[in-house]
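Structural characterization, general
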Amino acid sequence: MHLLLLAVDPDRDGRPRFTPALAPTLVLADLLDKTRRGRPAPDSLADYLRTRAPGRLDRYVEAARELGILEVTVRREGYFGHTRIRVADRWPLERAVDRLVRILKSDQHPDDRDLAFVVLAEQMGRARVHLKGRKHRDQRQRLELLVGWVASGRGRHRSVANAVLYDGLRAIPSMTADWEASFAALR
């Protein structure tokens, strides 16, 4: 849920800034949680993400609505439907941002769960949005270091979760490129 909340920008009237990488990133985060609990990783991670990503965002937004974090209104008038998402409770958003900053301020190497959170926030393009200004310069450098460490594959032999994270990071860009190409064809 924290990854979804990072995708809602609290500085600009709470409008969501969803990217094509958000849905597969949420699926990968769920898979990482299941892997940590002992579930084996799928053989083809790209296929797993591709089949589960389309409906995932709707489920997360609905869960945030039920928790009272987001207000979701759907208008079905006219040719195109319109969904409006607004922040109803900013406190969970601020907690998600605080978690990101706290992890990046720590001098110790983060555990698997925190490492995945930071790297996935960067993967979906929402980590740096919350690390603006001179006061977050050190956190941006640490973010680059951690993302580079995972992207290089150096950490994937430490745990099964890190291996799944590494493979998922390699699969998401090809998926989002396919989706962006299909959206461009519709325009």
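Note that residues are indexed from 1 along each chain, following the sequence as it is written. In view of the model being predicted, local features appear only for residues whose pLDDT reaches at least 70, and side-chain atom pairs are presented and counted only at 80 or more, with totals across whole chains, interfaces and linings using the full set of residues. Based on all heavy atoms of the structure, the side-chain values leave hydrogens and waters out of the count.

1. Structural notes on helix α2 (residues 22-36)
In an α-helix, one full turn covers 3.6 residues, which means residues spaced three or four apart are oriented alike. Numbering of helices and strands runs from the N terminus, with a helix taken as a DSSP run of H or I at least four residues long and a strand as a DSSP run of E at least two residues long. Here the expected length of a helix is defined as 1.5 Å per residue gap, with one fewer gap than residues. For α2, built from 15 residues, the straight-helix expectation of 21 Å at 1.5 Å per residue is met to within 8% by its first-to-last C-alpha distance of 21 Å. Residue burial is assigned from relative accessible area. The probe radius is 1.4 Å, only protein chains are included, and a residue is buried under 20% of its type maximum, exposed over 50%, and partly exposed in between. With respect to burial, α2 is a largely interior element, 12 of its 15 residues being buried. In the segment just after α2, Gly 38 is the residue with positive phi, at about 105°.

2. Some remarks on the packing of aromatic side chains
Pairing of aromatic side chains requires ring centres within 6.5 Å, counting the rings of Phe and Tyr and the six-membered ring of Trp. Pairs whose planes differ by under 30 degrees are stacked, by over 60 edge-to-face, and all others tilted. Counted by the stated rule, this structure contains 0 aromatic pairs. Our definition puts a charge over a ring when NZ of Lys or CZ of Arg is within 6 Å of the ring centre and also within 35 degrees of the ring normal. When the ring centre of Phe 117 is taken as origin, the NZ or CZ atom of Arg 99, which lies over that ring, is 4.1 Å away.

3. Here we look at the pattern of salt bridges
By salt bridge we mean one thing: a side-chain nitrogen of Lys or Arg within 4 Å of a carboxyl oxygen of Asp or Glu. On inspection of all chains with the given rule, the structure shows 9 salt bridges. Note that Arg 113 and Asp 33 form a salt bridge whose closest N and O atoms lie 3.7 Å from each other. Here the residue Arg 113 occupies a position in helix α5 (residues 112-123), and Asp 33 occupies one in helix α2, the gap between them amounting to 80 residues. For Arg 113, a relative accessible area of 45% corresponds to the partly exposed category. Here the residues in one salt-bridge network are Asp 33, Arg 36 and Arg 113, joined through shared partners.

4. Things to note about the packing of helix α4 (residues 90-105) against helix α6 (residues 137-151)
All axes here are fitted lines through C-alpha atoms, helices being fitted over the stretch that makes contact, and every angle between N-to-C directions spans 0 to 180 degrees. Across the interface, α4 lies against α6 with an axial gap of 9 Å and an inter-helix angle of 80°. With respect to α6, the axis of α4 lies roughly perpendicular. Residues Val 101, Ile 103, Leu 104 and Lys 105 of α4 pack against Gln 139, Arg 142, Leu 143 and Leu 146 of α6. By the convention adopted, Pro, Cys, Tyr, Trp, Phe, Met, Ile, Leu, Val and Ala count as nonpolar, Lys, Arg, Asp and Glu as charged, and the other residues, Gly among them, as polar. Residue composition of the contact of α4 with α6, by class: 5 nonpolar, 1 polar and 2 charged. The labels follow the angle: roughly parallel below 35 degrees, roughly antiparallel above 145, roughly perpendicular from 65 to 115, and oblique for the rest. Contacts: residue pairs with any heavy atoms within 4.5 Å of one another.

5. Here's the deal with the confidence of the model for the chain
Residue-level confidence of the predictor is summarised by pLDDT, bounded by 0 at the bottom and 100 at the top. Confidence in the prediction of the chain, expressed as mean pLDDT, is 82, and 85% of residues score 70 or more. When mean pLDDT is compared element by element in the chain, α4 scores highest at 92, while helix α7 (residues 160-186) scores lowest at 72. Low confidence marks residues 182-187, where pLDDT is under 50. Its contacts with residues over four positions away, or in another chain, come to 0 contacts.

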